[in-house]
Amino acid sequence: MAAADHSPHAQLVQTRHRASLVEDWDIGPGSTVLELGCGQGDMTAVLAEAVGPRGRVVAVDVAAPSYGAPVTLGQSAARLAAGPLGPRIDFRFGTDVLDPSVDFPRDAFDHVVLAHCSWYFASPGQLRDTLARVRPWARRLWFTEWDLTPTSGDQLAHLLAVLVQGQIEAAGSHGEGNVRTPFSREALLRLLPGAGWTADGGGPVDTGVLQDADWEITACLDLITTGERLAALSEPVRHLVLGQSDVLRAVAAPHGNRPLAAYWATAH
């Protein structure tokens, strides 16, 4: 992975997390997989390993290849394409599956995967429409995301960082952060039937070693400190956000904050 050149430990931890997920999923050698929101390919690489040399992963993302820092999506994809997993992967950046021009045959894929990408969607409605759009193309859905329900007090800082970013987005001040539309596990399960999917499994995911809590806390506080996006908010929303950010500063540790748990769900 190209990101390993900048942060080898973080990349290893993130890849192990995704590998442990796929170990519990029924994605075997020879499978065809459509991955939505592939980003820099953390899950893509794991899926390509799982499907083997006779399998195929079509990795889709709405972002352009130039998106991302310190490594862009295009740079990361190029690194993977040049390696042993490259022949199994078809990266398609700048691709929105809601665009009518994007289409696949019915049951073209054994699986469709969304891994830690659903909070990037502009709204739950957009996510529902996307899941409905891909429903004819794949037989089974595998989905994983952060769980908004904390299990201990030391996850509060991560939760606040997520909710503050979500409130700023919901109030109409849009950015390019990781968190745009945070929603609960229960909200996902309510959404699936309307998209044509029937949930039939899932479970909790241990995230204790992941660094995402620190990343999101830093992103949130940087957003507040810069203040540019706060200026677009109404005064009541701005005061609400600033009050919660005060609490975030009070409860967050300098580093090593405990992340929220995650969950996975599967549907047919």
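Residues numbered from 1 in each chain as written. Predicted model: local features only at pLDDT ≥ 70, side-chain atom pairs only at ≥ 80, totals over all residues. Heavy atoms only, no water.

A. Just the overall build of the protein, in detail. Scanning the protein from terminus to terminus reveals eight helices and seven strands. Its C-alpha atoms put the protein at 55 × 40 × 35 Å along the principal axes. Going through the 268 residues of the protein one by one, you find that 50% of them count as buried. As displayed, the protein has an accessible area near 12,300 Å², and 54% of this comes from carbon and sulfur atoms. (Helix = DSSP H or I, 4+ residues; strand = E, 2+ residues; numbered from the N terminus. Buried < 20%, exposed > 50% of the residue type's maximum accessible area, 1.4 Å probe, protein only. Areas by Shrake-Rupley, 256 points an atom, 1.4 Å probe, with all protein chains shown as cover.)

B. Structural context of the pattern of salt bridges. Per the stated rule, a full pass over the model turns up nine salt bridges. Here R139 ties to D110 by a salt bridge, and the two come within 2.9 Å at their closest N and O atoms. Taken together, the residues span a long stretch of sequence, with R139 in strand β5 (residues 138–146) and D110 in strand β4 (residues 109–115) at a distance of 29 residues. With relative accessibility at 43%, the residue R139 sits in the partly exposed group. With relative accessibility at 24%, the residue D110 sits in the partly exposed group. R258 is the partner of D154 in a salt bridge, and the nearest nitrogen-oxygen pair spans 3.4 Å. (Salt bridge = Lys/Arg side-chain N within 4 Å of Asp/Glu carboxyl O.)

C. Highlighting helix α4 (residues 124–134). Those residues of α4 not exposed but buried are G125, L127, T130, L131 and V134. Turning to α4, the residues buried within the fold contact β1 (32–36), β4, β5 and α6 (185–191). (Contact = heavy atoms within 4.5 Å.)

D. Spatial organisation of helix α5 (residues 156–170). In this model, α5 (15 residues) spans 21 Å end to end at C-alpha, consistent with the 21 Å of a helix rising 1.5 Å per residue. The buried fraction of α5 is high, at 11 of 15 residues. Taken together, the buried positions of α5 are occupied by A157, H158, L159, L160, A161, V162, V164, Q165, G166, I168 and E169. On its buried side, α5 packs onto β5, α7 (212–226) and α8 (235–251). (Expected span 1.5 Å × (residues − 1).)

E. Up close: unusual backbone geometry. With omega at 0 degrees, the peptide bond leading from A69 into P70 counts as cis. In this structure, D107 takes a positive phi of about 55 degrees despite not being glycine. Structurally, D107 can be placed in the loop between β3 (89–93) and β4. In this model, H116 sits at a positive phi of 50 degrees, which is unusual for a non-glycine residue. When you line up the elements, H116 lands in the loop between β4 and α4.

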